[in-house]
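For reference, the chains in residue letters:
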Amino acid sequence: MDAKAKNNEFTIAGKTFSSRFLIGTSRYPNQQIMMDAIEASGAEIVTVAVRRVSQDSGGEGLYDLLGDRFHLLPNTAGCFTAKDAVVTAELAREALETNWVKLEVIGDDETLFPDVEQLLRAAEELVKKGFIVLPYCNDDPITCKKLEDMGCAAVMPLAAPIGSGMGIRNPYNLRIIREQCSVPIIVDAGVGTASDAAEALELGCDGILLNTAVAGARDPVKMAKAMKLGIEAGRYAFEAGRIPRRLYATASTPTDGAIEL
Amino acid sequence: MSETIFINGERKLFSSSTLIGLVEENGVDSSKGGVAVALNGEVVPRADWAQTSMKPDDKVEIVHIVRGG
């Protein structure tokens, strides 16, 4: 295997993926752009949601479109209680024949921040029921550690509010989470552009899950490619190890043999 | 008097005697993937749809996979 493929490779719950980029399927201008953007992203894990069928939607056909080609990861978006999230996860498991779930239990509609109490309750119950739980959580090391300890397969801290595009608002917390958790860390929410994605990987996060930053870009397909490259660059930089920050200059050109007049 | 149940939160008359009929009645191709059903908060495995019948005031959720982040 070449170095590039290995650089991108990471493992969640014993399953190895060839891309550190997880991408959402919502809010693209149209279906073709969505398909092209997912293609350009190189993502293998693609998120979807579970909703009531309505007479007019009558089966969106998303499962037929993506089911064979990608690892579909259902979310529990829109759930405010552990109970709703657990039933939604169970419905998703039945619909997709997968026990993987992106667990979201939100506290309010305006911030979409997680309701930690309900999230922990839902995570515990879903782990007990045999789910591979990937929880969307705060960038809080204590919550992340609790989620890891109860058996979640990864932790997915937000970098900034969902859809805000504000980037990594608390890099120091992400560093602490990296030091304290051994499960994969996937930054989920807040990434606005490729440099944000690169920064998260440079901090030692293992992957990025995003949707709006690509779907809402002027050119979603190009942004998907930019994110892919940002993630790859960030990972290389993390593995290479950055130089320490210094207040004063250090000459890169040797001074020996310079003329003196 | 006609009997009603709740389908995705709406009270409706039902004519199908089994869950599989109800799924089809709601415009879903029951042979396709990406669909799931809960009866009174419990998921009913696809294999049991044909043998599961409803009683008045049951709450049925019929869901499918849609776009999400």
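Everything discussed here concerns the structure shown above.
Residues numbered from 1 in each chain as written. Chains lettered and ligands numbered in written order. Predicted model: local features only at pLDDT ≥ 70, side-chain atom pairs only at ≥ 80, totals over all residues. Heavy atoms only, no water.

## Quick notes on the overall build of chain A
What chain A contains, in helices and strands, is 10 helices and 10 strands. Relative to the globule expectation of 18 Å for 261 residues, the C-alpha radius of gyration of chain A, 20 Å, shows essentially globular dimensions. Dimensions of chain A along its principal axes, counting C-alpha atoms only, are 85 × 40 × 40 Å. Long-range pairs, those at least 24 residues apart, make up 64% of the contacts in chain A between residues at least 6 apart in sequence. (Helix = DSSP H or I, 4+ residues; strand = E, 2+ residues; numbered from the N terminus. Rg over C-alpha atoms; globule rule 2.2 N^0.38 Å. Contact = heavy atoms within 4.5 Å.)

## What about the state of the cysteines?
Residues and elements named next belong to chain A. Enumeration according to the criterion identifies 0 disulfides over all chains in this entry. We note that cysteine 137 lacks a disulfide partner, and the nearest cysteine sulfur, in cysteine 144, lies 3.7 Å from it. Using a relative accessible area of 0% as the deciding quantity, one classes cysteine 137 as buried. Of all cysteine sulfurs, the one in cysteine 144 lies closest to cysteine 205, which takes part in no disulfide; the gap is 9.5 Å. For cysteine 205, a relative accessible area of 0% translates into the label buried. (Disulfide = S-S within 2.5 Å. Buried < 20%, exposed > 50% of the residue type's maximum accessible area, 1.4 Å probe, protein only.)

## Details of the environment of asparagine 75 of chain A
Considering the arrangement of structural elements, one finds asparagine 75 of chain A in the loop between strand S5 (71-74) and helix H4 (82-96). Between the C-alpha atoms of asparagine 75 of chain A and valine 105 of chain A, which are 30 residues apart in sequence, the distance is 9.9 Å. Apart from the residues lying within four places of it in its own chain, the contact partners of asparagine 75 of chain A are Val48, Ala49, Val50, Thr88, Lys102 and Glu104 of chain A together with Gly68 and Gly69 of chain B. In this structure the side chain of asparagine 75 of chain A is engaged in a polar contact, spanning 3.1 Å, whose partner is the backbone nitrogen of alanine 77 of chain A. (Polar contact = N/O pair within 3.5 Å; in protein donor to acceptor, adjacent residues only side chain to side chain.)

## A closer look at the pairing of strand S1 (residues 4-7) of chain B
Residues and elements named next belong to chain B. When S1 meets strand S2 (residues 10-13), the two strands line up antiparallel, connected through 4 bridges. What sits directly across from isoleucine 7, in S2, is glutamate 10. Connecting the antiparallel pair S1 and S2 is a turn made up of 2 residues, with asparagine 8 showing a positive phi of about 50°. (Pairing = 2+ DSSP bridges.)

## Some thoughts on the pairing of strand S5 (residues 59-67) of chain B
As paired elements, strand S4 (residues 45-52) of chain A and S5 of chain B share 5 bridges and run antiparallel to each other. Paired with valine 50 of chain A across the strands is isoleucine 65 of chain B, a residue of S5 of chain B. Here 2 bridges tie S1 of chain B to S5 of chain B, and the two strands are oriented parallel to one another. The residue bridging isoleucine 7 of chain B from the neighbouring strand is valine 60 of chain B, located in S5 of chain B. Note that strand S3 (residues 35-39) of chain B and S5 of chain B share 5 bridges and pair antiparallel. Opposite leucine 39 of chain B, over in S5 of chain B, you have valine 60 of chain B as the bridge partner.

## A closer look at unusual backbone geometry
In the Ramachandran plot, leucine 112 of chain A falls in the positive-phi region, its phi being about 55° despite a non-glycine side chain. Within the secondary structure layout, leucine 112 of chain A lies in the loop between strand S6 (100-103) and helix H5 (116-128). With a phi close to 70°, aspartate 57 of chain B is a non-glycine residue in the positive phi region. Residue position: aspartate 57 of chain B is located in the loop between strand S4 (42-44) and S5.

## Overview of the side chain of aspartate 206 of chain A
Residue and element names in this part refer to chain A. Within the secondary structure, aspartate 206 is located in the loop between helix H8 (194-202) and strand S10 (207-210). Here arginine 178 takes part through its side chain, which lies 2.6 Å from a polar atom of the side chain of aspartate 206. The residues contacting aspartate 206, other than those within four sequence positions of it, are Phe10, Arg20, Arg178, Val183, Pro184, Ile185, Leu201 and Arg235.

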